[in-house]
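Inside the fold
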Amino acid sequence: MKIGVFICWCGSNIKNTVDVEGVAQSMRGLPQVAYATDVQYLCSEVGQSEIGRAIDEYKLDRVVIGACSPRMHEATFQQLMVSKGLNPFYVEIANLREHCSWVHTDKEKATVKAIDLVRKAVAKTRHAIPLFSEQLDVSKRALVIGGGIAGIQAAIDIADAGYPVDLLERESSIGGKMAQFDKTFPTLDCSACILTPKMVEAAMHKNITLLTSSQVEGVSGYVGNFNVTIRRRATSVRAELCNGCGECITKCPKKVDNEFDQGQSKRKAIYTLFPQAVPNKPVIDRDNCIYFKTGKCGVCKRICTTGAIDYEMQDELVERAYGAIIVAIGFDLNKPHHLGEYYYGQHPDVITGLDLERMLNASGPTNGKVLRPSNGQKPKRIAFIQCVGSRDKHKGKPYCSKVCCLYTAKHSLLLSEKSPDVESYIFYIDVRAAGKNYEEFYERARLQGAKYLRGQVSKVEPLGDKENRLLVRGFDASLSEQIEIEADLVVLATSIEPKVDAKQLGSMLGISSDQYGFFTEAHAKLKPFETQTQGIYLVGVCQGPKDIPEAVTQASGAAAKAIIMFNKGQVKSVPTTAIVNRDLCSGCMQCKSACPYEAIGSEQVAERLAGQTRQRVVATVNRVLCQGCGACAGLCRSGAMDIGGFTHRQLLAEVDSL
Amino acid sequence: MTQDSFEPKIVAFCCNWCSYAGADLAGTGRLKYPENIRIIRVPCSSRVDAALVLRAFQNGADGVMIAGCHPGDCHYDTGNYHTRKRMVLLKSLLEFIGLSSDRLLVKWISGNEADRFQVTVERFTKELKQMGAYEKARDLRCAK
């Protein structure tokens, strides 16, 4: 065995804190180490060819790299090994950057640690065994969870590439948040006018199946072969019989708050989500339907001419196989009841940005007229408050919700177009208008008369006059003085938040989320679509606040990832799987109960012992199902279970070397 | 050896998906912590068995840390539950045979909790400095 050790400077990143030459020097005397050197950038072409040259010249068969985290460049070095005809698992990486040079300042101590880390890697590689992956067939069907604009775009792209897609949506119609918007910034396109064609395209596409009123109940399997259990909620309306005439909706006697209009209007207990709903078939809200609550009524069933109403309909559980899953579940908007200073929920004229959006919408609760909820009068002066609950960790979220600056500019523009005499006062911390044509759009809003006041609002309270107006107290940082605005309407730009049940879906899918609950991508810079679980991709705001073009871009990117996998038709299995030593296995099968992937089975083996043939049970590993966690190896009493790449011998050698 | 000059040796087993990533993020964020820790990468905290922990103590480790994903967040669904069970048992066994269970730290650190990683290492190093060198579990045959 001949081991080559290569220590990377990473420019100055490692070299400044670690004596890289010293580290290489101290490796030279170690058993089996045939070559040790330091290189400026190992990941560069020059660095790679230096390793290649040394492999040829010194006939190296194991390589130890002291560089950045293996999570960064392990694949790069493994590919180099393959190109040199060596097994990729004959390379071992000591993490000298993230775990040493970047976290320490004392060069002497950091160098001692670096030597330990590289020696540990050398010890480990002495016991390395060659590992191979297997090719698995991929089930060429995608599931998109969430039918907002991001989910729709991803579904259309995959379907256009010729692969079947199921587009799952919890509500009774696809469309998501974008369907609630009036206009979009910075072009002031009507939101419905650009969204509805996409919705229809998805619904009519021969490769897309809409699964509305549905939710994910369980996920098992792995990349290329996920099994998803989907609950199709009973809508009480047989979609195949319903012709969408809407007579049932007209005649339904029960009225409830319309969530789509943010509770500013009423809908019936049998309803479609909004007039342009896709599919345009009504559903019964069983929690509010008189028939389901009292057993009386039944008007909709009596008047339906096609017999589509079915009160006996049951939830249906379907199980389907998918090769890839795209998560596009979107977001919730915070309701700032907990922030008492804004008086939200205590005065009807304190509303959120989305409430105003619905009012501005021609098919909204007020037919496009902005009116004070308290008295139905036109407001003369509106105060907009930015960053409500955002960008302040004491009030909720330290992050920026990203879209509020621009939608507030849009609101003030739309208002000034509708009624030029309305005054808009906008309290802001900074205006964040990074994006194509965004700064110009903000400028336009200013020129149209929006009054931007730099400063935060300390309190909103009733003015106590007969018109029931509000007093907004704030601080104008430009004037350095307290200001008070008497407003008819206060609009809060509330923070974007992950869906309340995002965490639940995340744990079903085995994907992680950040401290706020947004799903975490595999790499912040270079893998923005992927998750740590292969075959599961993220799009839209469920990964972090973003505007429509960003969500659409991410959707097409994630779709491309899924299409690439489907095109290849196969994925490689994890090479670092469990290995059974049959001689040691006692057949207790404890490993089977610990395995989360049902990858462990058992078989009978025959042995000759003392002149007799004896039957014995031993564990077996399905290398396709095994993901290499090592739970079995950790608990095996007889030490018969091992994990490729992390064997007992390798880990003990690492411990011993320290 | 006085408390100030004594530098404890810490062997840490970090799961690849959460804690190792958290340690990486601490590096990316240039957070600083003491040099005493040596991290061994494992696929999952459940890969760590008692033998590895004991071997580390035999070999001269003054403290051993096992770090994995938060319960419910395991990359492999249930691995950290095995770890939790196993390490509770190991801690009571350590006490039973007369060794200290305080020197075995089990911690859940996610991939974005760089600060939690930093604070954990700082605190554990400080505690071990106070406890002093750990000779009791040393195996002289392992002495280098």
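Right above here is the structure, for reference.
Residues numbered from 1 in each chain as written. Chains lettered and ligands numbered in written order. Predicted model: local features only at pLDDT ≥ 70, side-chain atom pairs only at ≥ 80, totals over all residues. Heavy atoms only, no water.

Quick look at the overall build of chain B
Scanning chain B for helices and strands turns up four helices and four strands. Helices (α) and strands (β) of chain B occur, in sequence order from the N terminus, as β-α-β-α-β-α-β-α. Rg of the C-alpha trace for chain B: 15 Å, near the compact-globule value of 15 Å for 144 residues, within the 12% margin. When each of the 144 residues of chain B is scored for burial, the buried share is 56%. For chain B, long-range pairs separated by at least 24 residues make up 80% of all intrachain contacts whose partners lie at least 6 apart in sequence. (Helix = DSSP H or I, 4+ residues; strand = E, 2+ residues; numbered from the N terminus. Rg over C-alpha atoms; globule rule 2.2 N^0.38 Å. Buried < 20%, exposed > 50% of the residue type's maximum accessible area, 1.4 Å probe, protein only. Contact = heavy atoms within 4.5 Å.)

Digging into the overall build of chain A
In terms of regular secondary structure, chain A is built from 18 helices and 34 strands. Based on the C-alpha atoms only, the size of chain A along its principal axes is roughly 95 × 70 × 40 Å. Accessible surface for chain A amounts to roughly 28200 Å². Of this, 50% is attributable to carbon and sulfur atoms. The distance from the centre of the 80 positive side-chain charges to the centre of the 72 negative ones in chain A is 3 Å. (Areas by Shrake-Rupley, 256 points an atom, 1.4 Å probe, with all protein chains shown as cover. Lys, Arg positive; Asp, Glu negative; His and termini not counted. Charge placed at Lys NZ, Arg CZ, Asp CG, Glu CD.)

Remarks on the state of the cysteines
Throughout the structure, instances matching the rule amount to two disulfides over all chains. A sulfur-sulfur distance of 2.3 Å marks the disulfide that ties Cys190(A) to Cys193(A). Given an S-S torsion of about 85 degrees, the disulfide between Cys190(A) and Cys193(A) has right-handed geometry. Under the relative-accessibility criterion, Cys190(A) is labelled partly exposed at 24%. Here Cys18(B) engages in a disulfide with Cys69(B); their sulfurs sit 2.5 Å apart. For the disulfide bridge between Cys18(B) and Cys69(B), the dihedral angle about the S-S bond is near 100 degrees, and by the sign convention the bridge is right-handed. (Disulfide = S-S within 2.5 Å.)

Quick notes on the sheet that holds strand β24 (residues 457-462) of chain A
Residues and elements named next belong to chain A. Taken in spatial order, the three strands of this open sheet run β24-β25-β26, and their pairing is antiparallel. Unpaired on one side and paired on the other, β24 and β26 (481-487) mark the two borders of the sheet. The mean inter-strand angle of the sheet, taken between neighbouring strand axes irrespective of direction, is 20 degrees. Bridge analysis of β24 against strand β25 (residues 470-476) gives five bridges, and the strand direction is antiparallel. For Val 460, the partnering residue across the bridge sits in β25 and is Val 472. (Pairing = 2+ DSSP bridges. Axes fitted to C-alpha atoms, helices over the stretch in contact; angles between N-to-C directions.)

Structural notes on the interface of chain B and chain A
Across the boundary between the two partners, chain B contributes 44 residues, which contact 51 residues of chain A. At the boundary of chain B with chain A, total buried surface from both sides reaches about 4100 Å², with 53% on carbon and sulfur atoms. When residues of chain B are sorted by the area they lose upon contact with chain A, Glu35(B), Arg38(B) and Arg47(B) head the list and together hold 18% of the total. Run the count over chain B and chain A and you get six salt bridges. (Buried area = accessible area lost by both parts, 1.4 Å probe. Salt bridge = Lys/Arg side-chain N within 4 Å of Asp/Glu carboxyl O.)

Some points on the packing of aromatic side chains
Residues and elements named next belong to chain A. For the structure on display, the rule yields 16 aromatic pairs over all chains. Consider the rings of Tyr 35 and Tyr 58, whose centres lie 4.4 Å apart with planes at 20 degrees: the pair is stacked. One end of the pair, Tyr 35, is in strand β2 (residues 33-39); the other, Tyr 58, is in helix α2 (residues 45-58), and 23 residues separate them in sequence. By relative accessible area, which is 13% here, Tyr 35 ends up buried. A relative accessible area of 29% means that Tyr 58 is categorised as partly exposed. With centroids separated by 5.6 Å and ring planes inclined at 90 degrees, the aromatic side chains of Tyr 291 and Phe 292 adopt a geometry described as edge-to-face. (Phe/Tyr/Trp six-rings, centres within 6.5 Å; stacked < 30°, edge-to-face > 60°.)

Section: helix α2 (residues 50-58) of chain B
Inspection of α2(B) places Leu52(B), Val53(B), Ala56(B) and Phe57(B) among the buried residues, and these make up the whole buried set. The buried residues of α2(B) all sit within an arc of 135 degrees when viewed along its axis, so they share a single face. Each element contacted by the buried residues of α2(B) is listed here: α18 (648-657) of chain A together with β1 (10-15), β3 (63-68), α3 (79-96) and β4 (104-108) of chain B. Gly60(B) sits one or two positions beyond α2(B) and adopts a positive phi of about 115 degrees. (Arc of directions from axis to C-beta.)

Some words on the sheet that holds strand β2 (residues 37-42) of chain B
Residue and element names in this part refer to chain B. Here we have four strands laid out as an open sheet, ordered β2-β1-β3-β4, and parallel in their pairing. Here the strands that pair on one side only, and so sit at the sheet edges, are β2 and β4. Averaged over all neighbouring strand pairs, the angle between strand axes comes to 20 degrees, with direction disregarded. Summarising the sheet, β3 and β4 pair through five bridges and their orientation is parallel. Within β4, the position partnered with Ile 66 by the bridge is Val 106.

A word on unusual backbone geometry
Residue and element names in this part refer to chain A. The residue after Phe 185, namely Pro 186, is reached through a cis peptide bond having omega -5 degrees. Among the structural elements, Pro 186 can be located in the loop between β8 (183-184) and β9 (189-190). Cis geometry marks the peptide bond from Val 278 to Pro 279, where omega comes out at -5 degrees. On the secondary structure map, Pro 279 appears in the loop between β15 (270-271) and β16 (283-284). For Asn 367, which is not glycine, the phi dihedral falls at a positive 55 degrees. Relative to the assigned elements, Asn 367 resides in the loop between α11 (353-360) and β21 (381-388). Since its relative accessible area comes to 55%, Asn 367 is described here as exposed. Notably, Asn 468 is not glycine yet its phi reads approximately 60 degrees, a positive angle. Within the element layout of this structure, Asn 468 appears in the loop between β24 and β25.

Observations regarding α18(A)
Within α18(A), seven of the ten residues are buried, which leaves the element mostly enclosed by the surrounding structure. Turning to α18(A), its buried residues are His648(A), Gln650(A), Leu651(A), Ala653(A), Glu654(A), Val655(A) and Ser657(A). Looking at the packing, one finds that the buried side of α18(A) touches α5 (107-126), α17 (631-635) and β34 (641-643) of chain A together with β1, β2 and α2 of chain B.

Brief notes about the packing of helix α6 (residues 149-160) of chain A against helix α7 (residues 191-204) of chain A
All names here are of chain A. For the pair α6 and α7, interaxial distance at closest approach is 10 Å and the crossing angle is 45 degrees. The angle between α6 and α7 places the two elements in the oblique class. Crossing of α6 against α7: the hand is left-handed. Each of Ile 149, Ile 152, Gln 153, Ile 156 and Asp 160 in α6 lies in contact with α7, whose residues at this interface are Leu 195, Lys 198, Met 199, Glu 201 and Ala 202. (Parallel < 35°, antiparallel > 145°, perpendicular 65-115°, else oblique. Left-handed = near helix turned anticlockwise from the far one by under 90°.)

Some points on the side chain of Asp642(A)
By the secondary structure assignment, Asp642(A) is in strand β34. There is a polar contact of 2.9 Å between the side chain of Asp642(A) and the backbone nitrogen of His648(A). With sequence-adjacent residues up to four places away left out, Asp642(A) is seen in contact with Thr577(A), Ala578(A), Ile579(A), Ala633(A), Thr647(A), His648(A) and Arg47(B). (Polar contact = N/O pair within 3.5 Å; in protein donor to acceptor, adjacent residues only side chain to side chain.)

Details of the packing of helix α12 (residues 404-418) of chain A against helix α13 (residues 438-447) of chain A
Residue and element names in this part refer to chain A. The interhelical angle for the contact between α12 and α13, taken along N-to-C directions, is 40 degrees, at an axis separation of 9 Å. Of the possible angle classes, the one that applies to α12 and α13 is oblique. Here α12 runs over α13; the crossing is left-handed. Of the residues in α13, those touching α12 at Leu 406, Ala 409, Lys 410, Ser 412, Leu 413 and Glu 417 are Tyr 438, Phe 441, Tyr 442, Arg 444 and Ala 445. Of the residues in the contact of α12 with α13, the class split is seven nonpolar, one polar and three charged. (Nonpolar A, V, L, I, M, F, W, Y, C, P; charged D, E, K, R; others polar.)

Points about the side chain of Thr647(A)
By the secondary structure assignment, Thr647(A) is in the loop between β34 and α18. The exposure class assigned to Thr647(A) is buried, which follows from its relative accessible area of 7%. Once you skip the residues sitting within four places of it in the chain, Thr647(A) turns out to touch Ile129(A), Asp642(A) and Arg47(B).

These values are about where atoms sit, not about what they do.
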